[in-house]
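Working through the structure, step by step
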Amino acid sequence: MRALHETARKTLDPVRYDYVAGGAGEERVLADNERAFDRYALLPRVLRGSGTRDTSAALPGAPRTAPVLVAPTAFHRLVHRDGERATARAAAAEGAVLVTGTAATTAVRDVVAAAREAAPDPAVWFQLYPHPRREVTAALVRRAEDAGCTALVVTVDSPVFGRHTRDLRNGFTDLPPGYAAENMRGLPGTGPDALTDIPMSPAARWPDLTETLRGTSLPVLLKGVLHPDDARLAVEHGAAGVIVSNHGGRQCDAVPAALDCLPAVAGAVAGRVPVLLDGGVRRGSDVAVALALGAAAAGVGRPVVWGLAAEGETGVRRVLAALREEYDHTLALCGGRRNADLTADMVVRKGGTW
Ligand SMILES: Cc1cc2nc3c(=O)[nH]c(=O)nc-3n(C[C@H](O)[C@H](O)[C@H](O)COP(=O)(O)O)c2cc1C
Ligand SMILES: CCCCC(=O)C(=O)O
């Protein structure tokens, strides 16, 4: 995976590389997301072995899926000509949920069609930036439903867009000519060619979530929850899942690492809906730590984009396969047969005694 990142760094236009690699502010949260995993160690159990393991996870709209999913990342055609189609085929072939979204450079119906080329029953979720105009939000939801998406992910950590330091320095504040946010095409009052066509919704409140939930039969997950009280509210409002995420360090540059928020959120949710985590997941053992601390699955953002940039569909498959194999191996080394065998007592802070 390191090699794919290195290839992507060498191949990509430096401004596009910075768009993907960068974070908000001084990139403190970006760095902390990865470092948080280094503060933990796994404490294996012994003599509980089995020759085979089942690493599948049960998620909304994806009853038997890999424990690693593809977090929504914008504008895949910026890094590879095959764009989201390649990512979709790779995720489907690897049995992983793909979260495509509002800011894709391929229309959601074409993303789902590509996933179906690789697997008969792929799980594609649609990430929604709720639009300030509710009829636009409703039209986006309809497009996702008609395309065959099996869940919605509403991103709630972006009432305003993060200040991406590298992009501001590079003057990269809009899509280059020839690229479009295809899901916005033809919606009332929007065009597809400018980032301003995907405005954030600074006035969004919990009743807006209720309206989104009422307007769809799909399960709805909330992405970007860090506070345990918000996790409780999400469940009370009918969310089908909660994704602990700080947007890969691209929004508020003063929040904790995503992993450090997971135990309290998992405690607040108390098993009522699945809790997922993304941010800083780079190895199979990171997936194991996240699952032991209460996640049902872990999302990866940048590693997938590096795989796509370096080798297209093959590169994304390599990233997902490596994470799956490393996770399976780690589970075996920890004496587990199923994901649920990784429990909170099997994770310790490094440097302490227990
Ligand atoms: C280039 C890029 C684009 C992103 N675009 C979106 C997006 O459109 N919607 C969203 O909810 N999150 C977006 N994210 C955040 C990811 O879904 C995810 O939270 C984050 O990348 C996870 O951290 P990781 O990159 O360390 O794995 C984006 C992240 C990156 C790096
Ligand atoms: C309107 C584009 C949003 C992309 C995004 O979420 C990110 O770059 O972090």
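Throughout, residues of each chain are indexed from 1 in the direction in which the sequence is written. Working convention: letters from A go to chains and numbers from 1 go to ligands, in the order in which they are written. The predicted origin of the model limits local features to residues at a pLDDT of at least 70 and limits the giving and counting of side-chain atom pairs to 80 or more, whereas totals for whole chains, interfaces and linings rest on all residues. The basis for the side-chain values is all heavy atoms of the structure; hydrogens and waters are excluded.

Per an unreviewed UniProt entry, the recorded name for the chain is Alpha-hydroxy-acid oxidizing protein, and the organism is Streptomyces lycii. Of the chain, the UniProt comment under Cofactor (unreviewed entry) reads exactly: "FMN". UniProt positions are given in the numbering used here, feature names are shortened, and annotations may be inferred rather than shown by experiment.

Some words on the site of ligand 2
Ligand 2 sits among Tyr19, Ala74, Phe75, Ala103, Tyr129, Phe161, His164, Ile198, Met200, His247 and Arg250. Any N or O atom pair separated by 3.5 Å or less is treated as a polar contact, with the protein-specific requirement of one donor-capable and one acceptor-capable atom, and with residues adjacent in sequence counted only for side-chain atom pairs. Tyr129 has a polar side-chain atom sitting 2.5 Å from an oxygen atom of ligand 2. At 2.8 Å, a side-chain N or O of Arg250 approaches an oxygen atom of ligand 2. Taking 300 Å² as the accessible area of ligand 2 by itself, protein coverage stands at 94%. Under the scheme applied, nonpolar residues are Ala, Val, Leu, Ile, Met, Phe, Trp, Tyr, Cys and Pro; charged residues are Asp, Glu, Lys and Arg; polar residues are all the others, including Gly. Across the shell around ligand 2, the residue classes break down as 8 nonpolar, 2 polar and 1 charged. For each residue, the test is whether any non-hydrogen atom lies within 4 Å of the molecule or strand; if one does, the residue is near. With residues, only the protein chains shown are counted as cover, and all accessible areas are computed by Shrake-Rupley using a 1.4 Å probe.

Here's the deal with the site of ligand 1
In the region of ligand 1, 21 residues are neighbours, and Pro72, Thr155, Asp278, Arg282 and Gly301 sit closest. Here a nitrogen atom of ligand 1 sits 3.3 Å away from a polar atom, N or O, in the side chain of Gln127. About the coverage of ligand 1: the protein hides 97% of its 600 Å² of free accessible area. Residues of the shell around ligand 1, tallied by class, amount to 7 nonpolar, 9 polar and 5 charged.

Some words on the pairing of strand β3 (residues 62–65)
Two strands qualify as a pair provided that DSSP identifies no fewer than 2 bridges between them. The numbering of helices and of strands both runs from the N terminus, where a helix is a DSSP run of H or I of at least 4 residues and a strand a run of E of at least 2. Relative to β3, strand β2 (residues 57–59) runs antiparallel, the two sharing 2 bridges. Across the sheet, Ala57 pairs through a bridge with Thr65, a residue of β3. Taking the residues between adjacent antiparallel strands as the criterion, β2 and β3 are bridged by 2 residues, where Gly61 takes a positive phi near 70°.

Details of the packing of aromatic side chains
Two aromatic rings, drawn from Phe, Tyr or Trp (for Trp, its six-membered ring), form a pair once their centres lie within 6.5 Å of each other, and the interplanar angle then sorts them: stacked below 30 degrees, edge-to-face above 60, tilted otherwise. Counted by the stated rule, this structure contains 3 aromatic pairs. A centroid spacing of 4.9 Å and a plane angle of 20° characterise the contact between Tyr17 and Trp306, whose relative ring orientation is stacked. One end of the pair, Tyr17, is in helix α2 (residues 14–21); the other, Trp306, is in helix α12 (residues 302–333), with 289 residues separating them in the sequence. A 1.4 Å probe rolled over the protein chains alone gives each residue an accessible area, and that area as a share of the maximum for its type sets the label: buried under 20%, exposed over 50%, partly exposed in between. What makes Tyr17 buried here is its relative accessible area of 13%. Its relative accessible area of 5% is what places Trp306 among the buried residues. Centroid distance Tyr19 to Phe75: 6.2 Å. Interplanar angle 35°. Geometry classified as tilted. One end of the pair, Tyr19, is in helix α2; the other, Phe75, is in the loop between β4 (68–70) and α4 (83–93), and 56 residues separate them in sequence. We classify Tyr19 as buried; its relative accessible area is 12%. A residue is classified by how much of its surface remains accessible, and Phe75, at 6% relative accessible area, is buried.

Topic: the pattern of salt bridges
Criterion for a salt bridge: a side-chain nitrogen of Lys or Arg within 4 Å of a carboxyl oxygen of Asp or Glu. Applying the stated criterion across every chain yields a total of 27 salt bridges. The salt bridge partner of Glu94 is Arg324, with a shortest N-O separation of 2.7 Å. Placement of the pair is Glu94 in the loop between α4 and β5 (98–101) and Arg324 in helix α12, with a sequence separation of 230 residues. Judged by its relative accessible area of 11%, Glu94 is buried. The class for Arg324 is partly exposed, based on a relative accessible area of 30%. Overlapping salt bridges, with partners in common, bring together Asp32, Arg35, Arg39, Asp260 and Arg349 in one network.

Let's talk about the side chain of Thr137
Looking at the secondary structure, you find Thr137 in helix α6 (residues 134–147). Within the local environment of Thr137, its side chain forms a polar contact with the backbone nitrogen of His131, the two atoms lying 2.9 Å apart. Residue contacts are defined here by distance: any two heavy atoms, one from each residue, within 4.5 Å place the two residues in contact. Every residue in contact with Thr137, bar those within four places of it in the chain, is listed here: Leu128, Pro130 and His131.

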